[in-house]
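Read off the chains here:
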Amino acid sequence: MCSCEHCQKLSGAPVMSWVSFSEEGFAWTGPGGEPTWFETFPQICRGFCPECGSSVASKGDESGFVGVTITALDDHADLVPVDQSFAHNAVPWMAPLR
């Protein structure tokens, strides 16, 4: 999960939950295909669904990996966040991930 100010504003929520995949062998299979990429910071891009505009991905945060928002995946029921970045920026009414 990420509680940075950017993720909070991007999602309109107190956190965004991500899962990382190696770019090698990764493929976009949903109806929108590969996201439309927008460079939000130098070398870091956020991906948006070209059909509905939902924020679904990030690349450039970690070389060789693509981050996908957990709930953008068709089958995410068994994915449970294990770490929280920028916990110091978390909203005070939501317990941080420990």
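Residues numbered from 1 in each chain as written. Predicted model: local features only at pLDDT ≥ 70, side-chain atom pairs only at ≥ 80, totals over all residues. Heavy atoms only, no water.

A. Quick peek at the overall build of the protein. Along the backbone of the protein there are 1 helix and 5 strands. Ordering the α and β elements of the protein from the N terminus gives α-β-β-β-β-β. The globule rule puts the C-alpha radius of gyration for 98 residues at 13 Å, and the 13 Å found for the protein is close to it. The principal-axis extents of the C-alpha atoms in the protein amount to approximately 35 × 30 × 25 Å. Considering the protein as a whole, with its 98 residues, one finds that 27% of them fall into the buried category. Nonlocal contacts in the protein, meaning residues at least 24 apart in sequence, comprise 45% of its contacts between residues at least 6 apart. The centroid of the 4 positive side-chain charges in the protein is displaced by 12 Å from the centroid of its 12 negative side-chain charges. (Helix = DSSP H or I, 4+ residues; strand = E, 2+ residues; numbered from the N terminus. Rg over C-alpha atoms; globule rule 2.2 N^0.38 Å. Buried < 20%, exposed > 50% of the residue type's maximum accessible area, 1.4 Å probe, protein only. Contact = heavy atoms within 4.5 Å. Lys, Arg positive; Asp, Glu negative; His and termini not counted. Charge placed at Lys NZ, Arg CZ, Asp CG, Glu CD.)

B. Quick peek at the confidence of the model for the protein. In the predicted model, the protein carries a mean pLDDT of 90, and 99% of its residues have values of at least 70. Strand β5 (residues 65-69) holds the highest mean pLDDT among the elements of the protein, 95, whereas helix α1 (residues 5-11) holds the lowest, 90. (pLDDT = per-residue confidence, 0-100.)

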